[in-house]
Amino acid sequence: MNDRTALVVYRKEVKIFRILFLFILLASLGFVSWRIASSDDVTKHVVALYKTTNALVVEPRDMHDIQENNPAEENRTERLGTEFAAIDHNEIVHDGNSGIVELPSIERNTRDIETLRNQRVMLITFDDGPAGDTTSRLLDELAKRDIRVTFFVLGTKLNYYADIAVRAHREGHTVSSHGYSHREFTTLSDEEILYEVSKTNILLYNLLGVQNRFIRAPYGSSNPHIRELVNMPFIFWNVDTLDWRYRYDDVVYQNIMYGAQDGAILLLHDLYETTVDGVLRAIDSLLSQGYVLISLEEAEALGYIDPNSYRIYISIR
Ligand SMILES: [Zn+2]
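Residues numbered from 1 in each chain as written. Predicted model: local features only at pLDDT ≥ 70, side-chain atom pairs only at ≥ 80, totals over all residues.

Draft legend 1. Main features of the nonpolar core. Ranked by size, the top nonpolar core spans 67 residues in total, and within it Leu123, Ala165, Ile265 and Leu266 carry the most contacts. Here this core takes 10 residues from helix H5 (residues 190-208), the largest share from any one element. With sequence-adjacent residues up to four places away left out, Leu123 is seen in contact with Thr150, Ile265, Leu266, Ile294, Leu296, Ala299 and Ile316. (Core = buried A, V, L, I, M, F, W, Y, C linked by C-beta atoms within 7 Å. Buried ≥ 20, exposed ≤ 12 C-beta atoms within 10 Å, placed from the backbone. Helix = DSSP H or I, 4+ residues; strand = E, 2+ residues; numbered from the N terminus. Contact = placed C-beta atoms within 7 Å.)

Next comes the structure, spelled out in structure tokens:
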């Protein structure tokens, strides 16, 4: 091949590559815009569904009296895991009217709201549960003291510890949502966020027979768009006990007492024995100082939380 022929072949190759490149570019552009358009449709659909039904509600199941005999954990996985893990949007059933299906309410150990008014109050909140033994021991001890706290539970944990959530609700505590699988909302699409929120709302409704009205975002992570999308009060905190990092009951106790003030929202996790030990000591000190420890629902009933807003609450004062 002489130089001239080589040049012609070279030019032909360049031409082919150019055409190929242009084709790939156009194909990718087409694919990307198709993806954007279709994911936008799905998002719009989920958002619309979420808004019309307020909280997506499935047909009631008679789950209220399950797990009374407190079986071993592997039995939980078998009996509850399959039951609850199966729930997803495909199972959503509406009554054709409001979308809300009435469930018989669970009898609860509630307090007279008027006795809580004009008191120095605090919200003690526990994230990431329900857990097994630690949450059960905590509930035993809380019952002795007749106080109320709030559990922001994960949908994935409800799959195994539904009975503990029902017990907490029955004993007057607030059981609310921490999302389904602890994914950080700011890293998710609108569709994924609403999936996380709705799935846990469905589980809570099926278990407790009440609509969940609040959310604690995983990692406390949200933004104005996410709050408007989810359309519920976002409960943050102003006292972080760092109980997950420092597994010493003394540190938990000190951090609670250091942050104690009227209207405070305290962040703990009912996963650790050290948290339970530390918080129980702190509760006894706070009660002796005249604080009243209330649940999120009691705060709502007292007018400290507006369930129809999507503002972020750092404290309740
Ligand atoms: Zn968490």
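Read on, since the account is not over.
Draft legend 2. Molecular detail of helix H7 (residues 249-259). Within H7, the full set of buried residues consists of Asp249, Val252, Tyr253, Asn255 and Ile256. Angularly, the buried residues of H7 cover 165 degrees about the axis, an arc narrow enough to put them on a single face. Facing away from the buried side of H7, by more than 90 degrees, are the exposed residues Asp250 and Tyr258. Check the buried side of H7 and you find it contacts strand S5 (239-240), strand S6 (265-269) and helix H8 (273-288). (Arc of directions from axis to C-beta.)

Draft legend 3. Here's a closer look at the pairing of strand S3 (residues 174-177). Bridge analysis of strand S2 (residues 150-153) against S3 gives four bridges, and the strand direction is parallel. Within S3, the residue paired with Thr150 across the bridge is Thr174. Between the parallel elements S2 and S3, the chain passes through helix H4 (residues 155-170) in a crossover that is right-handed. (Pairing = 2+ DSSP bridges. Right-handed = clockwise from strand over helix to strand, strands pointing away.)

Draft legend 4. Structural detail: the packing of H4 against H5. Here H4 crosses H5 at 40 degrees, and the two axes come no closer than 10 Å. The orientation of H4 relative to H5 falls into the category oblique. The two elements H4 and H5 cross, and the hand of that crossing is right-handed. Between H4 and H5, the contacting residues are Gly155, Leu158, Ala162, Ala165, Val166 and His169 on the first element and Lys199, Thr200, Leu203, Leu207 and Leu208 on the second. (Axes fitted to C-alpha atoms, helices over the stretch in contact; angles between N-to-C directions. Parallel < 35°, antiparallel > 145°, perpendicular 65-115°, else oblique. Left-handed = near helix turned anticlockwise from the far one by under 90°.)

Draft legend 5. Quick peek at the packing of helix H3 (residues 133-145) against H8. Closest axis-to-axis distance for the H3/H8 pair is 10 Å, and the angle between their directions is 10 degrees. Considering the angle they form, H3 stands roughly parallel to H8. Considering only the axes of H3 and H8, their crossing is right-handed. Counting all contacts with H3, which are made through Thr134, Arg137, Leu138, Glu141 and Arg145, the residues of H8 involved are Glu273, Val276, Leu280, Ile283 and Leu287. Of the residues assigned to the contact of H3 with H8, the class counts are five nonpolar, one polar and four charged. (Nonpolar A, V, L, I, M, F, W, Y, C, P; charged D, E, K, R; others polar.)

Draft legend 6. A look at H8. Helix length check: H8 (16 residues) gives 23 Å between terminal C-alpha atoms against 22 Å at 1.5 Å per residue, within 8%. Thr275, Val276, Gly278, Val279, Ala282, Ile283 and Leu286 are the residues of H8 that are buried. Viewed end-on, H8 has its buried residues packed into an arc of 170 degrees, placing them on one side of the element. Packed against the buried residues of H8 are strand S1 (121-127), H3, H7, S6 and strand S7 (292-294). Looking one or two places after H8, you find Gly290, whose phi comes out positive at around 90 degrees. (Expected span 1.5 Å × (residues − 1).)

Draft legend 7. Main features of the environment of Leu188. Assignment of secondary structure puts Leu188 in the loop between S3 and H5. Under the C-beta neighbour-count criterion, Leu188 is labelled partly exposed, with 15 such atoms within 10 Å. In this structure the C-alpha to C-alpha distance between Leu188 and Ile226, which are 38 residues apart in sequence, comes to 9.8 Å. Among residues more than four places away in sequence, those in contact with Leu188 are Arg183 and Ile193.

Draft legend 8. Examining the confidence of the model for the protein chain more closely. On average, residues of the protein chain carry a pLDDT of 81, and 74% of them reach 70 or more. Segment residues 51-101: pLDDT under 50, and 62 contacts once partners within four positions in sequence are set aside and those in other chains are kept. (pLDDT = per-residue confidence, 0-100.)

Draft legend 9. Broad picture of unusual backbone geometry. Gly129 connects to Pro130 through a cis peptide bond whose omega is 0 degrees. By the element assignment, Pro130 lies in the loop between S1 and H3. Its identity as a non-glycine residue notwithstanding, Asp146 has a phi of 50 degrees, on the positive side. Tracing the sequence through the fold places Asp146 in the loop between H3 and S2. When the 12 C-beta atoms within 10 Å are taken as the criterion, Asp146 is described as exposed. With a phi close to 60 degrees, Asn231 is a non-glycine residue in the positive phi region.

Draft legend 10. A look at the environment of Val292. In this structure, Val292 sits in strand S7. Once residues within four sequence positions are removed from consideration, Val292 is found in contact with Leu116, Gln119, Arg120 and Val121.

Draft legend 11. Looking closely at the pairing of S6. Of all the five residues making up S6, four are buried; the element is thus mostly covered by neighbouring parts of the structure. Sheet analysis places S1 next to S6, joined by five bridges and oriented parallel. In the sheet register, Leu123 faces S6, and the bridge partner there is Ile265. With two bridges connecting them, S5 and S6 associate as parallel partners.

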